[in-house]
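Read off the chains here:
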Amino acid sequence: MGKKYQVLARKYRPQRFLDVVGQEAVLTTLKNALQFDQIAHAYLFCGSRGVGKTTLARLFAKALNCLQRGADLEPCNACASCQEISSGQSLDVIEIDGASNRGIDDIRQINETVGYAPSHGQYKIYIIDEVHMLTKEAFNALLKTLEEPPQRAKFFFATTEPHKVLPTIISRCQRFDLSRIDPELITNKLADIAGDLERDVEMEALHLIASFADGSLRDAESLFDQILCFSSSAIQASTVREALGLVAEEYFSALDLAFADCHLAYAFELVEKLFRTGKDLPHFLEQLVDHYRCICLSKTVGLEALSPHLTKRYEKSASFYTSAQALYILDLLITAEQTMQKSPFPRVTLESTLLHLIRSKNRIPIEVIARRLHALEEAMKTSDHSLKVPAQEIEKIDAEMPHSILEPKEPAAAPPSVFVPEPTPVQEPSALEKPPSTASVFIPAPTETPLETETSPALEHEEAPSVFIKTPPESQPAVSEQKEYTFEAPSVFTPQNNQTTPLQKHASHYETMMRFAAVELEGTLKM
Ligand SMILES: [Zn+2]
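Calculation notes
- Residues numbered from 1 in each chain as written.
- Predicted model: local features only at pLDDT ≥ 70, side-chain atom pairs only at ≥ 80, totals over all residues.
- Helix = DSSP H or I, 4+ residues; strand = E, 2+ residues; numbered from the N terminus.
- Contact = placed C-beta atoms within 7 Å.
- Buried ≥ 20, exposed ≤ 12 C-beta atoms within 10 Å, placed from the backbone.
- Pairing = 2+ DSSP bridges.
- Axes fitted to C-alpha atoms, helices over the stretch in contact; angles between N-to-C directions.
- Core = buried A, V, L, I, M, F, W, Y, C linked by C-beta atoms within 7 Å.
- Domains from an automatic or database assignment.
- Right-handed = clockwise from strand over helix to strand, strands pointing away.
- Parallel < 35°, antiparallel > 145°, perpendicular 65-115°, else oblique.
- Left-handed = near helix turned anticlockwise from the far one by under 90°.
- Nonpolar A, V, L, I, M, F, W, Y, C, P; charged D, E, K, R; others polar.
- Expected span 1.5 Å × (residues − 1).
- Arc of directions from axis to C-beta.
- pLDDT = per-residue confidence, 0-100.

A.B. asks: What am I meant to see in the overall build of the protein chain here?
C.D. replies: Helices and strands together make up the secondary structure of the protein chain, namely 23 helices and five strands. If you take every contact in the protein chain between residues at least 6 apart in sequence, the share linking residues at least 24 apart comes to 76%.

A.B. asks: How should the environment of lysine 279 be read in this particular structure?
C.D. replies: Along the chain, lysine 279 falls in the loop between helix 13 (265-276) and helix 14 (281-300). Taking the C-beta count within 10 Å as the criterion, lysine 279 has 16 such neighbours and is therefore assigned partly exposed. Remark: the alpha-carbon pair of lysine 279 and valine 247, spanning 32 residues in sequence, is separated by 7.8 Å. Beyond its immediate chain neighbours, meaning those up to four positions away, lysine 279 contacts Gly245, Val247, Leu274 and Phe284.

A.B. asks: Help me understand unusual backbone geometry in this model?
C.D. replies: One can expect most non-glycine residues to show negative phi and most peptide bonds to be in trans. At glutamine 23, a position not held by glycine, the phi torsion is positive, near 55°. Among the structural elements, glutamine 23 can be located in the loop between helix 1 (2-11) and helix 2 (24-35). Judged by local crowding, glutamine 23 falls into the buried class, with 24 C-beta atoms found within 10 Å. Backbone geometry places cysteine 262, a non-glycine residue, at a positive phi of 50°. Looking at the element boundaries, cysteine 262 is found in the loop between helix 12 (249-261) and helix 13.

A.B. asks: Can you walk me through the sheet that holds strand 5 (residues 174-177) in this structure?
C.D. replies: An order of 2-3-4-1-5 is seen for the five strands of this open sheet, with the pairing classed as parallel. Pairing within the sheet leaves two strands with one partner each, and these edge strands are strand 2 (93-97) and strand 5. Sheet twist, expressed as the average angle between the axes of neighbouring strands with direction ignored, equals 15°. As paired strands, strand 1 (residues 42-46) and strand 4 (residues 153-159) are joined by five bridges and run parallel to one another. Across the sheet, the residue bridging to phenylalanine 45 is alanine 158, located in strand 4. Against the sheet, helix 3 (residues 53-65) engages strand 1, strand 2, strand 3 (124-129) and strand 4, with an angle of about 180° to strand 3.

A.B. asks: Looking at this model, I keep getting lost on the nonpolar core. Mind explaining?
C.D. replies: In terms of nonpolar packing, the biggest core is built from 62 residues, with Phe45, Phe156, Phe157 and Ile209 touching the most fellow members. Both domains that furnish three or more residues to this core are identified here as domain 1 (23-177) and domain 2 (183-244). With near-sequence residues (within four places) excluded, isoleucine 209 lies in contact with Leu190, Ala220, Leu223, Phe224, Ile227 and Val240. Within the second largest apolar cluster, 25 residues are counted, among which are Leu255, Ala258, Ile295 and Leu333.

A.B. asks: Could you clarify how one ought to interpret the pairing of strand 4 in this entry?
C.D. replies: Along any regular strand the residues' side chains alternate between the sheet's two faces. Along strand 4, seven of the seven residues are buried, which leaves the element largely enclosed by surrounding structure. In the sheet, strand 3 pairs with strand 4 via five bridges, with the strands oriented parallel. Residue pairing for strand 4: tyrosine 126 is matched across the bridge by phenylalanine 155. Running through helix 6 (residues 136-147), the crossover from strand 3 to the neighbouring parallel element strand 4 is right-handed.

A.B. asks: Explain the packing of helix 5 (residues 104-113) against helix 6 here, please?
C.D. replies: Helix packing for two helices is described by the angle between their axes and how far apart those axes are. Running from N to C, helix 5 and helix 6 point in directions that differ by 15°, and their axes come no closer than 8 Å. What the angle tells us is that helix 5 and helix 6 run roughly parallel. At the point where helix 5 passes helix 6, the crossing takes the right-handed sense. Contacts between helix 5 and helix 6 involve Ile104, Asp106, Ile107, Arg108 and Asn111 on the former and, on the latter, Glu137, Ala138, Ala141, Leu142 and Thr145. Classifying every residue of the contact of helix 5 with helix 6 by side-chain character gives five nonpolar, two polar and three charged.

A.B. asks: Whenever I open this one, helix 8 (residues 183-196) confuses me. Can you help?
C.D. replies: Counted at 1.5 Å a residue, the expected span for helix 8 with its 14 residues is 20 Å, and the 20 Å between its end C-alpha atoms agrees. Residues of helix 8 that are buried include every one of Pro183, Ile186, Thr187, Lys189, Leu190 and Ile193, and no others. For helix 8, the buried positions fall inside an angular range of 165° around the axis, keeping them on one side. In helix 8, those exposed residues whose orientation departs by more than 90 degrees from the buried face are Gly195 and Asp196. In this structure, the buried side of helix 8 is in contact with helix 9 (203-212) and helix 10 (217-230). A positive phi of about 55° marks glutamate 198, the residue just after helix 8.

A.B. asks: So what exactly am I meant to see when it comes to the confidence of the model for the protein chain here?
C.D. replies: Do not read the fine detail of predicted coordinates wherever pLDDT is low. When pLDDT is averaged along the protein chain, the result is 79; 74% of the residues meet or exceed 70. This stretch, residues 1-5, has a pLDDT under 50; its non-local contacts, to residues over four places away or in other chains, come to five contacts. This stretch, residues 406-496, has a pLDDT under 50; its non-local contacts, to residues over four places away or in other chains, come to 125 contacts.

A.B. asks: So what exactly am I meant to see when it comes to the environment of serine 90 here?
C.D. replies: With respect to the helices and strands, serine 90 occurs in the loop between helix 4 (80-87) and strand 2. Spatially, the C-alpha atoms of serine 90 and lysine 124 are 9.9 Å apart, while their sequence positions differ by 34 residues. Serine 90 has contacts with Glu84 and Ile85, leaving out every residue within four places of it along the chain.

A.B. asks: Before we go on, may I ask you to explain helix 6 in this structure?
C.D. replies: An α-helix turns once every 3.6 residues. As a result, residues three or four positions apart point the same way. With twelve residues, helix 6 extends 16 Å between its outermost C-alpha atoms, agreeing within 8% with the 16 Å of an ideal straight helix rising 1.5 Å per residue. Every buried residue of helix 6 is accounted for by Ala138, Phe139, Ala141, Leu142 and Thr145. The buried residues of helix 6 occupy an angular sector of 165° when the element is viewed end-on, so they sit on one face. Of the residues in helix 6, the exposed ones pointing more than 90 degrees away from the buried face are Lys136, Lys144 and Glu147. On its buried face, helix 6 sits against helix 5 and helix 7 (167-170).

A.B. asks: What am I meant to see in the packing of helix 16 (residues 323-342) against helix 17 (residues 346-359) here?
C.D. replies: Packing of helix 16 against helix 17 leaves a shortest axis separation of 10 Å and a crossing angle of 170°. Judged on the interaxial angle alone, helix 17 and helix 16 are roughly antiparallel. Every residue of helix 17 that contacts helix 16 at Ile329, Leu332, Leu333, Ala336, Thr339 and Met340 is listed here: Pro346, Thr349, Thr353, His356 and Leu357. Residues that form the contact of helix 16 with helix 17 fall into these classes: seven nonpolar, four polar and no charged.

In C-alpha cells, the structure reads:
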C-alpha cells in the first residue's frame, strides 16, 4: 500500500505552474521574478503539510534552470535540465531533507560544493525541506554561506514551523506563506484525477475526502488512493465514510431532533449504536465538534460561509438552535474532548456529554437571568410595587428564555420539584429521565434565602405555573400602547381573597431566577 500511496500523489504532481492548485499570490510573485529576472538568493516557503511547499520550490527551480523556457514562463519539461530534475537526477538541483540531514557536517558538505559551477542550468539550487529541523550549529554554518552566497547558488527552504527557523536566516530570505487549500479546489482536483483514471466516484465522496484532508492536497490524494484500492467498483460516499470511520449524517440530524425535543434517552441510544458498530468514540466527538462548528458558523456568519454541498444540511440543523445554545454546546464539546483523553470511562464520558448537550435546550444564559433579576429587584424596591422597566426590555429578555420556561405546556401539572425542600444540593436525580417540557427539573433544591422566609406562607399557596417567568395576562393588552409594564399596586403584603399580590409574584419570580442563577454559577465556580 505504501508504494501505491506515492504513486498517485507523484503521478499528479504539477509539472507546470498552471497545474498548481491554489496559492495564486505566490505563483504570481514567482512568475514575476522569472519574467524580470529578479531572483533572490534564498526563498522560504512556509505552510502546513501538503499545501505545495516543495512542489513550488521544485517547479521554480525547474523553471529557473530550464534551457528553453517559454514566454508563458513555464518550464518546458523536455530539455535535459527539466528531465533530470523531474527524475531527481539533477546535479544542479539538490534536495536535502532537513529532518534527516540536520547536523553541521551535512551543511559543511553544502558549503564545500556551493562554489562549483552548475552543469547544465544557470543556477545551483539547494532545496532544503523541513529546514527548521537543522541543529543550531548547522544553522550557523548555513548562515555563513547565506551571508556571502556565490553568484549562481540559490537556496529554497521549506518549513511547516517558520518560528523555529533562526531570525537571521529568515531575514535573508524572501518569504512565502502558503495557505491551506480550499476544499472546493481539492474536490475539483480529485475529480480530475478520477476522470483521468476512469473511475466512477460520487461527488459527495470527493467532498468528504477533501474536507477530511484539512487543506492538504497531498493528504487528500493519499486518502483517495487508499479508497480507490478499497474497491474496484464505483466509489460511494458511504464507502468513504466507512474507510474514514465517519459516522453517518443521520446520527447528527437525529441528535438535532433529540435536542429539540429534549429527548435525553437518545444520548444512550446513540452511544450504544456507536459502540456496537465499533466506532472510535474520541473520533466521533471530533466529528460532533465539527457539526456544531458548522452550526455556529451558519448562525453567526451565515450559510454562505459553509462549503456549498453543506448548505442544505445546515440550513435545517441550524434551525434547531439559537446562537447562544450552539456556542454553549461547542464549548461543552471542546471541554469534553479534553476530559475524554484522561477518562478511564470514555463511553460514560461521551454519554454524559450528550446528556448535557441535549438538556442544554432548557438552559438560560446567566446574563439573561441577571437582567431579569435586576428587573424584578427594581420592581420590588419601588414603593408602589409596580414593575418599572420598559416593556421592550422585558420582551427582549423573555425572548432569550427557552420557550418551555415561559409557556409551560401543562399549566395544571403538579408543582415542580423547586418547592420540595431537600437537605442538600441535588445530583439532579431526574436528569436521566426524559424531563417534562419545563426547566424546573434542573433547578436544585432550594437553599435558605431571606426572601423565602419572608414570603414563604404565600409561596405555599403559589400555583405551579407562576414559577415560570410569564407576564401576568392582565398586563398584556397594555404592552403595545404603553412603555412600561404596570402591575396593580397592592395595598398590603398579605393575600386578600386568597389572591396572590403582584409583590408576592415578583418575589416568587425573583426566587426562581436566583435558583437558575445558582445552577448556572455553580458550574462556573467549580471550574
Ligand atoms: Zn526545460
